[in-house]
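Listed below are the residues making up each chain.
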Amino acid sequence: LQAALPTLEGLPPDVVQHLVALESLDDQALWRVMLETVPLDQQHQLHDLLIRNQAGTLTDVEREQLAILQQQADLVMLCKARAAVLLRFRGKRVPTLAELSQLAAMDK
C-alpha cells in the first residue's frame, strides 16, 4: 500500500500526520472524511479575502488569516483525496464528484 500511494514527500509534518492517520481508519470513517467540507462561514471568509487580496487591499493580519484559511481548506481537500485513494485500494467504488455532492447535501 505504501508503495502505491502518492508520496507525502515535501508536505509539512502536520499534514503528513493527518494523511497517514487516515490509513488506520475503517471504510465507514473514510467515507465520512470524503463527505467533509470546509464550513460555509470559512468558505465565505476565504472567498472575501481572496477577492480583497486580488485587489491588493489586505492588511498584514488579513493576509495571515488568508494563509491560515487556505491551509485549512487544503488539508480538507488532501484528506478527502487520500480517503478516496484508500477506499479505491480497498476495492470500494469511489463516487463521482456529482454523487459526492449529493451525498454531502443529504448528510447535512
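## Some points on the overall build of the chain
In terms of regular secondary structure, the chain is built from 5 helices and 0 strands. Across the 108 residues of the chain, 28% fall into the buried class. Within the chain, residue pairs in contact and separated by at least 24 positions form 68% of the contacts whose partners lie at least 6 positions apart. Within the chain, one finds 10 positive and 14 negative side-chain charges whose respective centroids are separated by 8 Å.

## As for helix α3 (residues 40-55)
For α3, built from 16 residues, the straight-helix expectation of 22 Å at 1.5 Å per residue is met to within 8% by its first-to-last C-alpha distance of 23 Å. Gly56, located one to two residues past α3, shows a positive phi value of around 75°.

## Re the packing of helix α2 (residues 27-35) against helix α4 (residues 60-89)
Orientation of α2 relative to α4, taken along the N-to-C sense of each, is 145°, at an axis distance of 8 Å. In this structure, the crossing between α2 and α4 has a hand that is left-handed. On the side of α2, the interface is formed by Asp27, Leu30, Trp31, Val33, Met34 and Leu35, while α4 contributes Cys79, Lys80, Ala83, Ala84, Leu86 and Leu87. Counted by class, the contact of α2 with α4 contains 10 nonpolar, no polar and 2 charged residues.

## A short note on the side chain of Arg82
Mapping Arg82 onto the fold places it in helix α4. With relative accessibility at 6%, the residue Arg82 sits in the buried group. A polar atom in the side chain of Arg82 sits 2.8 Å from the side chain of Glu23. Sequence-distant contacts of Arg82, defined by excluding residues within four places in its chain, comprise Leu5, Pro6, Leu8, Leu19, Leu22 and Glu23.

## Observations concerning the layout of surface pockets
Each pocket or cavity is described by its volume, and for the largest pocket that value is around 190 Å³. In terms of lining residues, the largest pocket is bounded by Leu11, Pro12, Asp14, Val15, His18, Ile68, Gln71, Gln72, Asp74, Leu75 and Leu78. Secondary-structure elements contributing two or more residues to the lining of the largest pocket are α1 (13-21) and α4. At 6 residues, α4 tops the list of elements feeding residues into the lining of the largest pocket. When the residues that make up the lining of the largest pocket are grouped by side-chain class, the tally is 6 nonpolar, 3 polar and 2 charged. Taken as a whole, the second largest pocket spans an internal volume of roughly 160 Å³. Along the wall of the second largest pocket there are 11 residues; nearest its centre are Thr37, Lys80, Leu100, Ser101 and Ala104. Of all the secondary-structure elements, those providing two or more residues to the lining of the second largest pocket are α2, α4 and α5 (97-107). Per element, the largest residue contribution to the lining of the second largest pocket is 4 residues, and it comes from α5.

Parameters at a glance
Residues numbered from 1 in each chain as written. Predicted model: local features only at pLDDT ≥ 70, side-chain atom pairs only at ≥ 80, totals over all residues. Heavy atoms only, no water. Helix = DSSP H or I, 4+ residues; strand = E, 2+ residues; numbered from the N terminus. Buried < 20%, exposed > 50% of the residue type's maximum accessible area, 1.4 Å probe, protein only. Contact = heavy atoms within 4.5 Å. Lys, Arg positive; Asp, Glu negative; His and termini not counted. Charge placed at Lys NZ, Arg CZ, Asp CG, Glu CD. Expected span 1.5 Å × (residues − 1). Axes fitted to C-alpha atoms, helices over the stretch in contact; angles between N-to-C directions. Left-handed = near helix turned anticlockwise from the far one by under 90°. Nonpolar A, V, L, I, M, F, W, Y, C, P; charged D, E, K, R; others polar. Polar contact = N/O pair within 3.5 Å; in protein donor to acceptor, adjacent residues only side chain to side chain. 1 Å grid on protein atoms, 1.4 Å probe; cavity = no way out; pocket = protein on both sides within 12 Å on 5 of 7 lines; lining within 4 Å. Points joined across faces, edges and corners; volume = space filled by probe spheres on them.

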